[in-house]
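Chain by chain, the residues run as shown.
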Amino acid sequence: MEIIEHRSLKGFNTFGIDIKARHYLPLHDVSELPAINIHDYPSFLVLGGGSNILFRDDFEGLVIHNLIKGISVEEETNEHAIIKVGAGENWHDFVCWAIDHNYGGVENLALIPGCVGAAPVQNIGAYGVELKDVFYKLDAYDFRDGQYFEKDHSSCAFGYRDSVFKNELKGRCCILNVYLKLTKKHSISATYGAITTVLDSYGIDDPGISDVAKAVIEIRSSKLPDPKKLGNGGSFFKNPVISKVQLNKLQHKFPAIVFYEIDDASVKVPAGWLIDQAGWKGRKMGNAQCHEKQALVIVNLGAASGQEIYDLSEAIYQSVLDIYGIALEREVNVL
Ligand code: EPU
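Below you will find a few notes about this structure. Sequence order as written defines the numbering, with residues in each chain counted from 1. The model is predicted, so local features are restricted to residues of pLDDT at least 70 and side-chain atom pairs to those at 80 or more, both for listing and for counting; the totals for chains, interfaces and linings are taken over all residues. Note: side-chain values were computed over all heavy atoms of the structure, leaving out hydrogens and water.

### Things to note about the sheet that holds strand 7 (residues 80-86)
1) Next: Pairing between two strands requires that DSSP report at least two bridges joining them. Each helix is a run of DSSP H or I of at least 4 residues and each strand a run of E of at least 2, with the numbering of both proceeding from the N terminus. Strand order across the open sheet formed by five strands is 6-7-12-10-11, with antiparallel pairing between neighbours. The two strands at the open ends of the sheet, each matched to only one other strand, are strand 6 (71-76) and strand 11 (147-152). Ignoring which end each strand starts from, the neighbouring axes of this sheet average 20° apart.
2) Next: The pairing of strand 6 with strand 7 spans five bridges and is antiparallel. Bridge assignment links Glu75 to a residue of strand 7, and that residue is Ile82.
3) Next: Relative to the sheet, helix 1 (residues 91-100) contacts strand 6, strand 7 and strand 12 (173-183), its axis offset from that of strand 12 by approximately 25°. All axes are obtained by fitting lines to C-alpha atoms, using only the stretch in contact for helices, and the reported angles, taken between N-to-C directions, cover 0 to 180 degrees. Residues are treated as being in contact if the distance between any of their heavy atoms lies within 4.5 Å.

Here's what the structure looks like:
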């Protein structure tokens, strides 16, 4: 086990914030876990792809960097395959592997940054599909009692960008492997408007999984900034759910407000629309900018500190609260 002191995490967070971890442990093998005593440190953090985290300052505790790799087929029938994926695998690389091997179910989730272990934590989702739709089970390690454990679908409490790992199990465990149930006879989900438009432009009316992935990659690349070129953490805020009563009131003042029905009593409003209409799209504060093509994303123009990114998010939060009376919730984890 190798612990490095004062390690820069600049290359390990997609905002590209230059902060240091007081102690840094690259974790390659699950057997190393019992030797880690988290009580030796003031705090600890399991870092995956670093794509949903904003560091405002140096991290004074222990950063455990999950680099557990491996993709294997555990079970296979004519219809399905259960695939075991190491938590440290890159999510998009795994999606490409699945498509190359003709396993379906994750094609709509192409190009989502981050690693496989983080996917269940926030139940990643895009273009009508969420991780929970293909999730089978996972295995993990609990630092509090030093035990390995498994979680099946029903015990993960998946919700919109939410799971048990963001609540009861927050800050105490490390996901090791994720098992996904993928299809061999595919059911294509291409009803999301933007996907249909792109597939039409390709002249494809009976798409396969690789066509859908290609369309998703085209849509995402056209409006979401590539973190390698412009540091960012994807959607900074969640799309808020409000009551229909509140929606009716807002519609009087903002007749063009966009919303999606959730149930009889509530709707989801795209935070990107609220932020855009509030005039933030493209606006800069220091080295942080509300992205020019998708207002839900905050980007690092090059030399932003975590605090600068946070300050812009706070200004956006206040402005949306003042104008619409809606308190946005951050999707990115702020430290
Ligand atoms: N909109 C604007 N201005 C903007 C951005 C969006 O008016 O600057 C409007 C759009 O016109 C559209 C609506 O908001 O009517 C929704 O926009 P979009 O389809 O781009 O999706 P989103 O709600 O902004 C969500 C996810 C994304 C995911 C897309 C596609 C959340 C917080 N975000 O974004 O996820 O890729 O749907 O399914 O749910 C991520 O989590 O990092 C992420 C990128």
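### Here's the deal with the nonpolar core
Grouped burial of nonpolar side chains is what soluble globular proteins tend to show.
1) Next: Only buried Ala, Val, Leu, Ile, Met, Phe, Trp, Tyr and Cys residues count toward a nonpolar core, and they belong to the same one when joined by side-chain atoms within 4.5 Å. Each residue is assigned to one of three classes by its accessible area relative to the maximum for its type, calculated with a 1.4 Å probe on protein chains only: buried under 20%, partly exposed between the two thresholds, exposed over 50%. In terms of nonpolar packing, the biggest core is built from 47 residues, with Trp91, Phe94, Leu131, Leu182 and Ile195 touching the most fellow members.
2) Next: Elements that contribute at least two residues to this core include exactly strand 7, helix 1, strand 10 (135-142), strand 12, helix 3 (193-202) and helix 4 (209-223).
3) Next: Beyond its immediate stretch of four places on either side in the chain, Leu182 contacts Glu79, His80, Ala81, Ile83, Phe94, Ala98, Tyr103, Gly104, Val106 and Val134.
4) Next: With 44 residues, the next largest nonpolar core counts Ile242, Ala271, Leu296 and Ala304 among its residues.

### Some thoughts on unusual backbone geometry
1) Next: One non-glycine residue with positive phi stands out, namely Asn123, at about 45°.
2) Next: With respect to the element layout, Asn123 can be found in the loop between helix 2 (118-121) and strand 8 (125-126).
3) Next: The phi dihedral of Ala157 falls on the positive side, at around 50°, and the residue is not glycine.
4) Next: Looking at where Ala157 falls in the secondary structure, it is placed in the loop between strand 11 and strand 12.

### Here's the deal with the packing of helix 3 against helix 4
1) Next: Two elements in contact, helix 3 and helix 4, have axes whose closest approach is 9 Å; the angle formed by their N-to-C orientations is 110°. Accordingly, the angle class assigned to the pair helix 3 and helix 4 is roughly perpendicular. Seen along the crossing, helix 3 lies across helix 4 with a hand that is right-handed. For the pair formed by helix 3 and helix 4, the contact residues are Ala194, Ile195, Val198, Leu199 and Tyr202 on the first element and Asp211, Val212, Lys214, Ala215, Val216, Glu218 and Ile219 on the second.
2) Next: The residue makeup of the contact of helix 3 with helix 4, split by class, is nine nonpolar, no polar and three charged. Roughly parallel refers to an angle under 35 degrees, roughly antiparallel to one over 145, roughly perpendicular to one between 65 and 115, and oblique to any angle outside these ranges. Working rule for handedness: look at the near helix, and if it is turned counterclockwise from the far one by less than a right angle, call the crossing left-handed; if clockwise, right-handed. Amino acid classes used here: Ala, Val, Leu, Ile, Met, Phe, Trp, Tyr, Cys and Pro are nonpolar; Asp, Glu, Lys and Arg are charged; the rest, including Gly, are polar.

### A few points about the packing of aromatic side chains
1) Next: Between rings of Phe, Tyr and Trp, where Trp is taken as its six-membered ring, a pair exists when centres lie within 6.5 Å; planes separated by under 30 degrees are stacked, by over 60 edge-to-face, and by other angles tilted. Scanning all chains against the criterion turns up 13 aromatic pairs.
2) Next: An aromatic cluster is built from Phe44, Tyr141, Phe143 and Tyr148, whose rings are joined through pairwise contacts.
3) Next: A positively charged side chain is recorded as over a ring if its NZ (Lys) or CZ (Arg) lies within 6 Å of the ring centre. The angle to the ring normal must also be within 35 degrees. Positioned above the aromatic ring of Tyr179, the side-chain terminus of Lys137 is 4.5 Å from the ring centre.
4) Next: Of note, Arg283 hangs over the ring of Trp280, and the distance from its end group to the ring centre comes to 3.9 Å.

### Quick word on the site of the ligand
1) Next: Any residue with a heavy atom lying within 4 Å of a molecule or strand is counted as near it. Close contacts around the ligand come from 25 residues, with Tyr127, Tyr160, Tyr192, Asp276 and Gln294 the closest.
2) Next: We define a polar contact as two N or O atoms separated by no more than 3.5 Å, with the added condition that, inside protein, one atom must be a possible hydrogen donor and the other a possible acceptor, whereas residues neighbouring each other in sequence contribute only through side-chain atom pairs. At 3.2 Å, a side-chain N or O of Arg220 approaches an oxygen atom of the ligand.
3) Next: Note that an oxygen atom of the ligand is positioned 2.8 Å from one of the backbone N or O atoms of Ala295.
4) Next: Split by residue class, the shell around the ligand holds 12 nonpolar, six polar and seven charged.
5) Next: As annotated, the domain borders come from an automatic or database domain assignment. Here the shell around the ligand gathers at least three residues from each of two domains, domain 2 (71-183) and domain 3 (231-334).

### Examining the side chain of Ser313
1) Next: You can see Ser313 is positioned in helix 7 (residues 306-324).
2) Next: The residues contacting Ser313, other than those within four sequence positions of it, are Phe236, Phe237, Ile298 and Arg330.

### Quick word on helix 1
1) Next: Counted residue by residue, helix 1 has seven buried out of 10 residues, so it is predominantly covered.
2) Next: All of the buried residues along helix 1 are Trp91, His92, Phe94, Val95, Trp97, Ala98 and Ile99.
3) Next: Structurally, helix 1 contributes buried residues whose contacts are with strand 6, strand 7, helix 2, strand 12 and helix 4.
4) Next: Between a side-chain oxygen at the N-terminus of helix 1 and the backbone nitrogen of His92 the separation is 3.0 Å; the capping residue is Asn90.
5) Next: Looking one or two places after helix 1, you find Asn102, whose phi comes out positive at around 60°.

### Things to note about the sheet that holds strand 14 (residues 241-243)
The strands making up a sheet associate through backbone hydrogen bonding, with each pair oriented either parallel or antiparallel.
1) Next: Strand order in the open sheet formed by three strands is 14-16-15, and the pairing between neighbours is antiparallel. The open sheet terminates on both sides in strands that have one partner only, identified here as strand 14 and strand 15 (260-261).
2) Next: In this sheet, strand 16 (residues 266-268) lies alongside strand 15 in antiparallel orientation, the contact comprising two bridges. Among the inter-strand pairings, Glu261 is bridged to a residue of strand 16, identified as Val267.
3) Next: Here helix 5 (residues 244-253) sits on the sheet in contact with strand 14, strand 15 and strand 16, set at roughly 85° to strand 14.

### Describing the side chain of Asp139
1) Next: Counting through the fold element by element, Asp139 comes out in strand 10.
2) Next: As used throughout, the charge tally considers Lys and Arg to be positive and Asp and Glu to be negative, leaving His and the chain termini uncounted. Salt bridges are defined as contacts in which a side-chain nitrogen from Lys or Arg sits within 4 Å of a carboxyl oxygen from Asp or Glu. Buried and without a salt bridge, Asp139 has Lys84 as its closest oppositely charged side chain, separated by 5.5 Å.
3) Next: Within the local environment of Asp139, its side chain forms a polar contact with the side chain of Tyr179, the two groups lying 3.0 Å apart.
4) Next: Every residue in contact with Asp139, bar those within four places of it in the chain, is listed here: Phe149, Glu150, Ile175, Leu176, Asn177 and Tyr179.

These values are about where atoms sit, not about what they do.
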